[in-house]
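Structure at a glance
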Amino acid sequence: YGRINAGEPVNVSLTIERTGMGWWQRARQWLRVGGGSAPIALRWHDAARAGQPAMRRAVSVDLSRLDGGTYALRLEVETSSGRKAETGRTLDIRR
């Protein structure tokens, strides 16, 4: 995706959202009734360090309150110059 200039601001977004829900589950989520199926959304600002070709970070997310099911994890990074990189994974949580 290219090199990031030292000190260049970077916006990072991590979301985890349930997929494959029926209408009843979506209604419960919208009403905030029942279990923990509400999407998780984390956003933060960072800056590249001088002399490092890549930004390495670790994030720990507690998934223990999520209901069992299939979830989409999405990580997006955008520089101040508008360059974007994104990736995603599928998570299967079994209870």
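Preceding this section is the structure that the text describes.
To start, this report covers the structure provided alongside it. (Residues numbered from 1 in each chain as written. Predicted model: local features only at pLDDT ≥ 70, side-chain atom pairs only at ≥ 80, totals over all residues. Heavy atoms only, no water.)

Attention now goes to the sheet that holds strand β3 (residues 69–79). With respect to topology, four strands assemble into an open sheet ordered β2-β1-β3-β4, the strand pairing being antiparallel. Two strands in the sheet have a free side with no partner beyond their single neighbour: β2 (40–47) and β4 (84–93). Pairs of neighbouring strands in the sheet enclose a mean axial angle of 15°, with direction left out of account. Bridging between strand β1 (residues 9–19) and β2 involves eight bridges; their strand directions are antiparallel. Across the sheet, residue Asn11 finds its bridge partner in β2, namely His45. (Pairing = 2+ DSSP bridges. Helix = DSSP H or I, 4+ residues; strand = E, 2+ residues; numbered from the N terminus. Axes fitted to C-alpha atoms, helices over the stretch in contact; angles between N-to-C directions.)

So, about the environment of Asp92. Inspection of the secondary structure puts Asp92 in strand β4. Residues Asp92 and Gly69 lie 23 residues apart in sequence; the distance between their C-alpha atoms is 5.8 Å. Contacts of Asp92, omitting those with residues within four sequence positions, involve Gly69 and Thr70. A polar side-chain atom of Asp92 sits 3.0 Å from a polar atom in the side chain of Thr70. (Contact = heavy atoms within 4.5 Å. Polar contact = N/O pair within 3.5 Å; in protein donor to acceptor, adjacent residues only side chain to side chain.)

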